[in-house]
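As a plain string of letters, each chain reads:
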Amino acid sequence: YSPSIVGNLSSTVRKYVLLGSARAFSLVPDRRAEDCRVAERAVRESGVTWTVLHPTVIYGGEGGGGAIDRLVSLVRRWEIIPLPRGGRALMQPILIDDVVSSLAAALDRSEAESKTIVLAGPRAMWLSDVVRICARLLERRVTVLPIPLWIARGLEGLERFFPGLAHGYDGEILRISEEK
């Protein structure tokens, strides 16, 4: 979702279907979220027919490196998973296959034109429940440790001691407490 993509495409483009991210709605200052918002504005202002798709948390596929992959990595490494507010942030994960189907549909369906569409899975669940589901599938026992947000923010600097904790993104711990 590079903002420069619109300016680099040929003038023969008849339709843009931009795959952004629900991260665009984050209130946490974040370069990647801002890039997503800038790219969406560029597509909207391009004068070309457009559709923007913002998937929530994508899972499935191989080696995606997304939020679910990071949770799986944490569950594999640790028996205690510290989560801001005990993981009481809603998320609605979506299967990668459904994202791909949505991309294809956005290309073909006129009712998707000039719309920003959030792609979400069929069920909203607490982050703590997603962690427990990952643990059950990996046949691991984990305990979710509720921690105050101020402590969670302090953990971001400890990435080198707890690999996979915050994946090196500024504000990642803060973002984990946002609803998706």
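Our subject is the structure that appears above.
Procedures and definitions
Residues numbered from 1 in each chain as written. Predicted model: local features only at pLDDT ≥ 70, side-chain atom pairs only at ≥ 80, totals over all residues. Heavy atoms only, no water. Axes fitted to C-alpha atoms, helices over the stretch in contact; angles between N-to-C directions. Helix = DSSP H or I, 4+ residues; strand = E, 2+ residues; numbered from the N terminus. Parallel < 35°, antiparallel > 145°, perpendicular 65-115°, else oblique. Left-handed = near helix turned anticlockwise from the far one by under 90°. Contact = heavy atoms within 4.5 Å. Salt bridge = Lys/Arg side-chain N within 4 Å of Asp/Glu carboxyl O. Buried < 20%, exposed > 50% of the residue type's maximum accessible area, 1.4 Å probe, protein only.

Enquirer: Looking at this structure, how should I read the packing of helix α3 (residues 67-77) against helix α5 (residues 127-137)?
Expert: Relative placement of two packed helices is described by the angle separating their axes and the distance separating the axes. The geometry of α3 relative to α5 is characterised by a closest axis approach of 9 Å and an angle of 60 degrees between their N-to-C directions. Judged by the angle between their axes, α3 and α5 are oblique. The handedness of the crossing between α3 and α5 is right-handed. From α3, Ile68, Leu71, Val72 and Val75 reach across to α5, where they touch Leu127, Val130, Val131, Cys134 and Ala135.

Enquirer: Teacher, can you tell me more about the pattern of salt bridges here?
Expert: One pass over the full model with this rule turns up 8 salt bridges. Across the pair Arg41 and Glu34 runs a salt bridge whose closest N-O atoms are separated by 3.4 Å. Taking relative accessible area as the criterion, Glu34 reaches 33% and is therefore assigned partly exposed. Measuring nitrogen to oxygen at the nearest pair gives 3.6 Å for the salt bridge that ties Arg132 to Asp129. In this pair, Arg132 and Asp129 both sit in helix α5, 3 residues apart, roughly one turn of the helix. Each of Glu34, Arg37 and Arg41 takes part in one network of salt bridges that share partners.

Enquirer: How do you make sense of the side chain of Thr51 when you look at a structure like this?
Expert: Secondary-structure assignment places Thr51 in strand β2 (residues 49-55). Sequence-distant contacts of Thr51, that is, excluding residues within four places in its chain, are made with Lys15, Tyr16, Val17, Leu18, Ala106, Ala112, Glu113, Ser114, Lys115 and Ile117.

Spatial relationships are all this shows, so hold off on functional conclusions.
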